[in-house]
Amino acid sequence: MQVIRALSVPALLLAAGCAGGGGDGAKPPSWAPSFMVAKGVNATLLSTLKAGAYEPSSLAVGEEKDLAQHRGDALGFVRSAALEQYLNDTRQKVLAASGKTGVPGRVIILANPGFEAFSSPDGHVYLAMGLLESLESADEVAAIIAHEISHVLLKHHSSDLLGDVQRKGQALYELGVGAKTALAGERGVSKRDSRNMTNVQLATDATDKLVLPAWSRGQEREADLLGVDLLVESRSAGPAMISVLEKLQAWETANKEAEDAFSERLKQASERNINEAVGVVYQRLVDSVSVKHPKTSERIDDTAQYFERHYGTRSAVEPQAGPWKAVRGRSEVAQVLENYKRAFAARRLLEQGKPQEAYGAAKAAAIGRTAADAYPNWVLAHSAASLGRQGEAIEALRRAVSSTEPVPLVYEDLIFAYERSGSIPVALQWTDRASNVFGGAARFKPHKIRLLRKAGRIAEAQTLSVDCALNGTSELKRACQEANQTPAGRAQR
Ligand SMILES: [Zn+2]
């Protein structure tokens, strides 16, 4: 009997699968998930899933709280009723094939240009706008949702993973605050100023890239394969999982240069060692960037082999481009998609040092249905500021804070914009408003302490520092302590 060993050449693996080499009694390949080992290599992942009521994850925090936590990770959510309806209908269809009932959560669109998706212990599936733009059929949409839902059904979320996401979030927060605070104290463009600008840019770039959880190789594989089962059982084209992975691979290739440049900038920043605290944060970011993800080429081969083995003899289901094209073509949806495309282009132009072009693209992005959205207005604000149009930058940020999906980062930028223009009392007011909007979020405390000192309100700054020292995390305490060293300004009210 032929025994499949851990073959390092995927093509061979595929050939072995097609030849039916993994018959009863054969040893499963070393990558096989543990329950496949128990059930034998011919069992689908779906057949190992117990039908019935879904048991909530012990790490679930509640659907609303989960949304609130992720809303602030980067630049918020994109709202489009028709598009969300379509995505949630697809989610229902995929879930129905799992045999599980009462799975919580819904699909949320992230204002993120990457090819990114993730799910949470509360069952929410978060899809980046950049990913949605590149999907071409209803089956590809179903594939990405099936993959993410599989992480939920297989209970892949662990406390380690969530801790990692939280640590990254904290590191990014410190990085941004450290760099912006240094910037707030500077007048005019000095050498240090431009270095701090680079740091602010790094922090915001990193926000998009690093908040996502890094699954292990085995978990990704399981989600790919259970995803294939769910696609087939919900009468979608199973190979759509492969075409989505091929798109991911193409995206990785196309963006390799930019991603490498980003890692390099992070590394240089960590070596520059601006101050000890920021140096540590950079180091952590460098570490998380260099985490090795499973090779996409291997995922493609494994998925192809699995599909061939379990569903190769079934009659092929043709991918349907129509329904997805129809929803994208609805004027409401088309405008949102187009405007976010412009906003992402504007951000790239800004990174490339082309503020005038970035400004043009951002202006065209913040109109119509996205006129008050956080992302387009945030890019517009940064483009305007690069052209020296501070007033316009503040206007754009003020529109962005009126967004239906408020983002802490935008409030922070608005506070800094007022601070830099010398309007300390207005900056203070916005610090209080931000604190109210985000349920007294601790991240605004260091800003308030710094601004109170600049305003000459030393006693109040002192009281808040004591409160921060008693109730904050160690990182927050340090930020508050640093803020409390701000030179005292003349009293002004
Ligand atoms: Zn995954």
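Remember, it's a predicted structure, so these values are computed and weren't measured experimentally.

Colleague: Explain the overall build of the protein chain to me, please; I cannot follow it from the model alone.
Modeller: Broken down by element type, the protein chain carries 23 helices and six strands. When each of the 493 residues of the protein chain is scored for burial, the buried share is 52%. A fraction of 72% describes how many contacts in the protein chain between residues 6 or more apart in sequence connect residues 24 or more apart. Accessible surface, the protein chain as shown: approximately 22,000 Å² in total, 51% of it carbon and sulfur.

Colleague: Looking at this structure, I do not really get the packing of helix 18 (residues 390–401) against helix 19 (residues 408–420). What am I missing?
Modeller: Describing two packed helices takes the angle between their axes plus the distance from one axis to the other. At their nearest, the axes of helix 18 and helix 19 sit 9 Å apart, and the two run at 150 degrees to each other. Overall, the two elements helix 18 and helix 19 adopt an arrangement that is roughly antiparallel. Helix-helix and strand crossings are classified by hand; for helix 18 and helix 19 the assignment is left-handed. Each of I394, L397, R398, A400 and V401 in helix 18 lies in contact with helix 19, whose residues at this interface are V410, Y411, D413, L414, A417 and Y418. Tallied by class, residues from the contact of helix 18 with helix 19 come to nine nonpolar, no polar and two charged.

Colleague: In this structure, what is going on with the state of the cysteines? I would like to understand it.
Modeller: Scanning the entire structure with this criterion turns up one disulfide. Sulfur-sulfur distance for the disulfide between C468 and C480 comes to 2.0 Å. Sign of the S-S torsion, about 80 degrees for the bond between C468 and C480, identifies this disulfide as right-handed. Of this pair, C468 sits in helix 22 (residues 458–471) while C480 is found in helix 23 (residues 474–483), placing the two residues twelve residues apart along the sequence. In this pair, the class of C468 matches that of C480, namely buried.

Colleague: Hey, could you run me through the pairing of strand 6 (residues 125–128) in this one?
Modeller: Two faces make up the sheet, and in a regular strand the side chains alternate between them. Residues V125 and L127 point to one face of strand 6 and Y126 and A128 to the other, with burial holding for every one of them. Note that strand 4 (residues 107–110) and strand 6 share four bridges and pair parallel. Looking across to strand 6, one finds that L110 is bridged to A128. Relative to strand 6, strand 5 (residues 117–119) is paired through three bridges, and the arrangement is antiparallel. Its bridge partner being in strand 6, A117 is matched across the sheet by L127.

Colleague: In this structure, what is going on with helix 15 (residues 331–351)? I would like to understand it.
Modeller: In an α-helix there are 3.6 residues to a turn, and that puts residues three or four apart on one side. The terminal C-alpha atoms of helix 15, which comprises 21 residues, lie 30 Å apart, in line with the 30 Å expected from a rise of 1.5 Å per residue. If you check which residues of helix 15 are buried, you get E332, V333, V336, L337, N339, Y340, A343, F344, A346, R347, L349 and L350.

Colleague: Could you clarify how one ought to interpret the side chain of R450 in this entry?
Modeller: Relative to the elements of secondary structure, R450 occurs in helix 21 (residues 445–454). At a separation of 2.7 Å, a polar atom in the side chain of R450 contacts the side chain of E419.

Colleague: How should I be thinking about the packing of helix 21 against helix 22 in this particular structure?
Modeller: Orientation of helix 21 relative to helix 22, taken along the N-to-C sense of each, is 160 degrees, at an axis distance of 8 Å. Classified by the interaxial angle, the pair formed by helix 21 and helix 22 is roughly antiparallel. Crossing handedness for the pair helix 21 and helix 22: left-handed. Two secondary-structure elements touch here, helix 21 through K445, K448, I449, L452 and R453 and helix 22 through I458, E460, A461, L464, S465, D467 and C468. For the contact of helix 21 with helix 22, the class distribution of residues is six nonpolar, one polar and five charged.

Colleague: Sorry, what's going on with the sheet that holds strand 4 here?
Modeller: Where strands meet in a sheet, backbone hydrogen bonds hold them as pairs that are either parallel or antiparallel. Spatially, four strands are ordered 2-4-6-5 in an open sheet, and the strand pairing comes out mixed. The open sheet is flanked by strand 2 (77–78) and strand 5, the only strands paired with a single partner. With respect to the sheet, helix 4 (residues 81–96) is in contact with strand 2, strand 4 and strand 6, its orientation differing from that of strand 4 by roughly 135 degrees.

Colleague: Sorry if this is basic, but what is going on with the pattern of salt bridges here?
Modeller: As a working rule, side chains carrying opposite charge can pair if their charged atoms are close by. Scanning all chains against the criterion turns up 20 salt bridges. Across the salt bridge formed by D432 and K448, the nearest N and O atoms sit 2.8 Å from each other. Of the two residues, D432 sits in helix 20 (residues 424–437) while K448 sits in helix 21, which places them 16 residues apart along the sequence. Residue classification places D432 among the partly exposed positions, given a relative accessible area of 34%. Judged by its relative accessible area of 24%, K448 falls in the partly exposed class. Bridged by salt links that share partners, the residues R79, E84, R106 and E405 form one connected network.

Colleague: What should I look at first to understand the nonpolar core in this one?
Modeller: For soluble globular proteins, nonpolar side chains are generally found buried alongside one another. Core analysis: the biggest nonpolar cluster contains 106 residues, and L87 and L127 have the highest contact counts within it. With ten residues, the single largest contributor to this core is helix 6 (residues 138–153). Within the second largest apolar cluster, six residues are counted, among which are L67, F77, F118 and Y126.

Colleague: Help me understand the coordination of the zinc ion in this model?
Modeller: Only H147 (NE2), H151 (NE2) and E220 (OE) from the protein coordinate the zinc ion, and they sit 2.1 to 2.2 Å from it. Counting residues between consecutive donors of the zinc ion along the chain gives the motif H-x3-H-x68-E. Residue H151 is found in helix 6, and its partner E220 is found in helix 9 (residues 217–233); the two are separated by 69 residues along the sequence. Here E220 falls in the buried class, since its relative accessible area comes to 11%.

Colleague: I would appreciate a short explanation of the packing of aromatic side chains in the present structure.
Modeller: How two aromatic rings sit relative to each other is set out by the distance from centre to centre and by the angle between their planes. This model, assessed by the stated rule, comprises eleven aromatic pairs. Measuring from ring centre to ring centre gives 4.7 Å for F118 and Y126, while their planes differ by 10 degrees; the resulting arrangement is stacked. What makes F118 buried here is its relative accessible area of 3%. Through successive ring pairs, a cluster of aromatic residues spans Y340, F344, Y375 and W378. The ring of W430 carries the charged tip of R433 above its face, separated from the ring centre by 4.1 Å.

Colleague: Would you explain the pairing of strand 4 in this entry?
Modeller: Side chains V107 and I109 project from strand 4 onto one buried face, and the interleaved I108 and L110 project onto a second face that is buried too. Across two bridges, strand 2 lies against strand 4 in antiparallel orientation. Residue V78 lies in a different strand from strand 4, and its bridge partner there is I109.

Rules used throughout
- Residue indices begin from 1 for each chain and proceed along its sequence in written order.
- Under the rules for a predicted model, residues below a pLDDT of 70 receive no local features and side-chain atom pairs below 80 are neither given nor counted, while totals for whole chains, interfaces and linings still include all residues.
- Remark: hydrogens and water are excluded; side-chain values derive from all non-hydrogen atoms of the structure.
- In DSSP terms, a helix is any run of H or I states spanning at least four residues, a strand is any run of E spanning at least two, and both are numbered starting from the N terminus.
- Burial classification: accessible surface area is computed with a 1.4 Å probe over protein chains only, and a residue below 20% of its type maximum counts as buried, one above 50% as exposed, and the rest as partly exposed.
- The criterion used for residue contact is that any of the two residues' heavy atoms lie within 4.5 Å.
- Reported accessibility uses the Shrake-Rupley method at a 1.4 Å probe radius. Residues are deemed covered only where the shown protein chains occlude them.
- Throughout, an axis means a line fitted to C-alpha atoms (over the contacting stretch in the case of helices), and angles, computed between N-to-C directions, take values from 0 to 180 degrees.
- Angle categories: roughly parallel below 35 degrees, roughly antiparallel above 145, roughly perpendicular from 65 to 115, and oblique for all the rest.
- Left-handed is the label given to a crossing in which the near helix is rotated counterclockwise from the far helix by less than a right angle, and right-handed is the label when the rotation is clockwise.
- The nonpolar class holds Ala, Val, Leu, Ile, Met, Phe, Trp, Tyr, Cys and Pro. Asp, Glu, Lys and Arg form the charged class, and all remaining residues, Gly among them, are polar.
- Cysteine sulfur pairs qualify as disulfides if the two atoms are within 2.5 Å.
- A pair of strands is labelled paired if DSSP reports no fewer than 2 bridges between them.
- Multiplying 1.5 Å by the helix residue count minus one yields the expected span of that helix.
- We call two N or O atoms a polar contact when they sit within 3.5 Å, provided that within protein one can donate a hydrogen and the other can accept it, with sequence-adjacent residues counted only if both atoms are side-chain atoms.
- Whenever a carboxyl oxygen of Asp or Glu lies within 4 Å of a side-chain nitrogen of Lys or Arg, that contact is scored as a salt bridge.
- Among buried residues, the Ala, Val, Leu, Ile, Met, Phe, Trp, Tyr and Cys ones that are joined through side-chain atoms within 4.5 Å form a nonpolar core.
- Here the coordinating atoms are restricted to nitrogen, oxygen and sulfur within 2.8 Å of the metal centre, or 3.2 Å for Na, K and Ca, and because water is not among them the sites may look incomplete.
- Pairing of aromatic rings covers Phe, Tyr and the six-membered ring of Trp, with a centre-to-centre limit of 6.5 Å; geometry is then stacked below 30 degrees between planes, edge-to-face above 60, and tilted otherwise.
- A ring has a charge above it when a Lys NZ or an Arg CZ is no more than 6 Å from the ring centre and no more than 35 degrees off the ring normal.

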